[in-house]
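Coordinates in review
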Amino acid sequence: MTTKAIILGAGMGKRMGADLPKVLHTICGKPMINILLDSVKETGIEDITVVIGPNMDNVKEAVAPLKTVTQVERLGTAHAVLAAESEIQPFDGNVLILFGDQPLFLPETLKRMIQKCKEGTDIAILGFIPEDPRRYGRLIMGENGLDAIVEYKDATDAQRAIKLCNSGVMCVNGKYLLSLLKEIDNQNAAGEYYLTDIVSKAKAKGLKRDVVIGDAAELHGVNTPEELELAEEIYKKRMNQC
């Protein structure tokens, strides 16, 4: 069964304090998106597409010879994946969706996501329990698996008390991904097309949803120079070098 990967890398990262696409900020001298891509390739995935923004030729060069598509307007994460519509036409396989500013995933974790889908799960979400869950979406579990992902800004107090959080990473059955994405609307606090809404859409169709638990350090994302520094510390310990 074929597995494709879509890497979202269109963010400019204004909080990074530099006129450089966020995914090109370096960890031990290497663009963080390339560190992530190394892990993706180690899973055996060969069909990889990177979603970039306008005027991001430097990202295109950094990931070459991989395919790139452009998200012309930044209207949310579901909209970003739809920019790769030509690559995710319905097919008999799975699509692993990751973010280029989360560079620390281990291949073994990604393989667990893929295996979960190969065993019959239509949407596998990578969840974790962080020390500080304030900015993360919550995974709402039900009797038959994952019912929904609720973004923090849209969550009730009861939902915010849930400790299990969304990493953003998912693996989706390629037969359903495109149709599910096209059902997502932007009726939320941010007015964006949330990729996370794919779970409730899948539930409504009776598709199987499940969660794979990951390590919080491995799921560390980078939005600020301080978070980049922490990512480098984690990476150094892992690699015992640089």
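Criteria and thresholds
Residues numbered from 1 in each chain as written. Predicted model: local features only at pLDDT ≥ 70, side-chain atom pairs only at ≥ 80, totals over all residues. Heavy atoms only, no water. Helix = DSSP H or I, 4+ residues; strand = E, 2+ residues; numbered from the N terminus. Rg over C-alpha atoms; globule rule 2.2 N^0.38 Å. Buried < 20%, exposed > 50% of the residue type's maximum accessible area, 1.4 Å probe, protein only. Contact = heavy atoms within 4.5 Å. Areas by Shrake-Rupley, 256 points an atom, 1.4 Å probe, with all protein chains shown as cover. Lys, Arg positive; Asp, Glu negative; His and termini not counted. Charge placed at Lys NZ, Arg CZ, Asp CG, Glu CD. Expected span 1.5 Å × (residues − 1). Arc of directions from axis to C-beta. Pairing = 2+ DSSP bridges. 1 Å grid on protein atoms, 1.4 Å probe; cavity = no way out; pocket = protein on both sides within 12 Å on 5 of 7 lines; lining within 4 Å. Points joined across faces, edges and corners; volume = space filled by probe spheres on them. Nonpolar A, V, L, I, M, F, W, Y, C, P; charged D, E, K, R; others polar. Disulfide = S-S within 2.5 Å.

Brief notes about the overall build of the protein
Within the protein one finds eight helices and eleven strands. In terms of overall dimensions, the protein is globule-like: its C-alpha atoms have a radius of gyration of 17 Å, near the 18 Å expected for 242 residues. Within the protein, buried positions represent 52% of all 242 residues. The contacts in the protein between residues at least 6 apart in sequence include a share of 70% that link residues at least 24 apart. Summed over all atoms, the accessible surface of the protein reaches about 11300 Å², with 46% contributed by carbon and sulfur. Here the protein carries 29 positive and 34 negative side-chain charges, and the mean point of each set is 2 Å from the other.

What about helix 8 (residues 225-239)?
Over its 15 residues, helix 8 extends 21 Å from the first C-alpha to the last, a length consistent with the 21 Å expected when each residue adds 1.5 Å. Within helix 8, burial applies to Glu227, Leu228, Ala231, Ile234 and Tyr235. Looking straight down helix 8, one finds that the buried residues subtend no more than 120° of arc, so they occupy a single side. Of the exposed residues in helix 8, those oriented more than 90 degrees away from the buried face are Glu226, Glu229 and Lys237.

Considering the pairing of strand 9 (residues 145-150)
With five of its six residues buried, strand 9 lies for the most part within the structure. Across five bridges, the pairing between strand 8 (residues 138-142) and strand 9 is antiparallel. Of the residues in strand 9, the one forming a bridge with methionine 141 is leucine 146. The antiparallel hairpin formed by strand 8 and strand 9 contains two residues in its connecting segment.

A word on the environment of valine 172
In this fold, valine 172 is placed in strand 10 (residues 165-173). In sequence terms valine 172 and alanine 124 are 48 residues apart; their C-alpha atoms lie 6.5 Å from each other. Those residues in contact with valine 172 that lie beyond four places of it in its chain are Gly93, Asn94, Val95, Ile97, Cys117, Asp122, Ile123, Leu177 and Ile198.

Here we look at the layout of surface pockets
One number sums up the size of the largest pocket: a volume of about 1400 Å³. Taken together, 40 residues make up the lining of the largest pocket; nearest its centre are Lys22, Thr77, Phe99, Asp101 and Asn223. Counting residues per element, the ones that place at least two in the lining of the largest pocket are helix 3 (77-82) and strand 10. In terms of residue count, strand 10 provides more of the lining of the largest pocket than any other element does, four residues in total. Considered class by class, the residues forming the lining of the largest pocket number 16 nonpolar, 15 polar and nine charged. Considering only enclosed or pocket space, the second largest pocket measures out at about 310 Å³ in volume. If you trace the second largest pocket, you find 15 residues lining it, with Pro130, Glu131, Asp132, Tyr136 and His220 closest to the centre. The biggest single contributor to the lining of the second largest pocket is helix 8, with three residues. Of the residues in the lining of the second largest pocket, the class split is eight nonpolar, two polar and five charged.

Focus on unusual backbone geometry
The linkage connecting alanine 64 with the following residue, proline 65, adopts the cis geometry, with an omega of 10°. Here proline 65 is to be found in the loop between helix 2 (57-63) and strand 5 (67-70). Even without glycine at this site, cysteine 28 takes up a positive phi of about 55°. Following the sequence through the fold, cysteine 28 ends up in the loop between strand 2 (26-27) and strand 3 (30-31). Positioned with a positive phi, asparagine 55 is a non-glycine residue whose angle comes to about 60°. Note that asparagine 55 resides in the loop between strand 4 (47-52) and helix 2. Assessed through its relative accessible area of 79%, asparagine 55 is described here as exposed.

Some words on the state of the cysteines
Here the structure, examined in full by the defined rule, presents zero disulfides. Here cysteine 117 stays free of any disulfide, with the sulfur of cysteine 171 as its closest cysteine sulfur at 3.5 Å.

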